[in-house]
Amino acid sequence: MVTVRPADLPDFSHPPVAETVLSVQFDRLSALRTAHFGLFWGEIYDRFPATEEHGELASIIEQSPDQPQPVVGIQFEAFEAPPSRFWFVDELGTELIQLQRDRFIKNWRKVGDGDRYPRYERVREGFDRDFSRFAEFVSRNQLGTIRVNQCEVTYINHIVAGLGWESHADVGEVFTVWQQPRSTYPGQAQDLTFRARFPIVDHTGGFAGRLHVTLQSARRLSDGVPMFILELTARGQTGENSDFFDLGREWIVRSFAELTTPKMHEIWGRRS
């Protein structure tokens, strides 16, 4: 699938993107066993020679506000072994595939200071290639039918002090969602966490999912320099398969531009 970037989408020459994630969730493939994960790894080993094992991610579906909310309860399932999520990592550690019985995830992450965000179009192209290979593996081994029920796009931004701001108290220099109080009480916040979610509508005005925004202050592990971590996740579904990705990316990029200041846009080289 060829992705065309909207002409009016905000564009930055050097955005602070540290990680991007494209994920599809599908109906659980109950026939997929641990051995099959190993067989699939064998097919992609030349590109992803390292592996890790983690716990499964829970299934999540964004419900329209006018839909009845699901009943909360406890469900017990019998497994031959604890459910697992397998990571397949490339030699540089910048690309990885995460795979579990109901989810396929592709990550790009910044590892070194010289790593540059490869842009959404290239990340999407890589996801489509690798997900198609997994779908073909599932079909060839008669493991069931992949029916996508939810998609996610995530951008994680690391905004490090030194360009445009110096301490977490300068949050108003970076973001439009918080202005420091000018009064003595409560004074200026030394650190903060912000969380919000917004409905996503498609091009017909219908509910398509939600945008989840998390902002938190932190310090870089290597040297303790102040930084802000801004994570934006668009989750939802339109059409079939991964059709939601382009809409989710558009909401993330436009929202990023609205949530950050023109001063920072200049530093990040905004071109449109």
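Above: the structure in question.
Residues numbered from 1 in each chain as written. Predicted model: local features only at pLDDT ≥ 70, side-chain atom pairs only at ≥ 80, totals over all residues. Heavy atoms only, no water.

What follows covers helix α2 (residues 120-140). Here α2 spans 30 Å end to end across 21 residues, near enough to the 30 Å set by a 1.5 Å rise per residue. Here the buried face of α2 lies against β1 (17-26), α1 (34-44), β4 (95-100), β5 (103-109), β6 (148-160) and α4 (244-259). Downstream of α2 by a residue or two, Gln142 has a phi angle that is positive, lying close to 55°. (Helix = DSSP H or I, 4+ residues; strand = E, 2+ residues; numbered from the N terminus. Expected span 1.5 Å × (residues − 1). Contact = heavy atoms within 4.5 Å.)

Aromatic rings in a pair are described by how distant their centres are and how their planes are angled relative to each other. Applying the stated criterion across every chain yields a total of 19 aromatic pairs. Ring centres of Phe175 and Phe228 lie 5.4 Å apart, and the angle between their planes is 90°; this geometry places the pair in the edge-to-face category. Pair noted here: Phe175 is in the loop between α3 (171-174) and β7 (193-201) and Phe228 is in strand β9 (residues 226-236), with a separation of 53 residues, a long-range link. Of the two residues examined, Phe175 and Phe228, each falls in the buried class. Among the aromatic residues, those joined into a cluster by ring pairs are Phe26, Phe40, Trp41, Tyr45, Phe88, Phe104, Phe127, Phe131, Phe134, Phe137 and Phe245. (Phe/Tyr/Trp six-rings, centres within 6.5 Å; stacked < 30°, edge-to-face > 60°. Buried < 20%, exposed > 50% of the residue type's maximum accessible area, 1.4 Å probe, protein only.)

For the rest of this paragraph, the subject is the sheet that holds β6. The antiparallel open sheet is built from 9 strands, whose spatial order is β2-β3-β4-β5-β1-β6-β9-β8-β7. The outermost strands of the open sheet, each flanked by one partner alone, are β2 (50-55) and β7. Between one strand axis and the next, the sheet turns by 15° as a mean value, whatever way the strands run. Running at roughly 10° to strand β3 (residues 84-89), α1 makes contact with β2, β3 and β4 of the sheet. With respect to the sheet, α2 is in contact with β1, β4, β5 and β6, its orientation differing from that of β1 by roughly 35°. (Pairing = 2+ DSSP bridges. Axes fitted to C-alpha atoms, helices over the stretch in contact; angles between N-to-C directions.)

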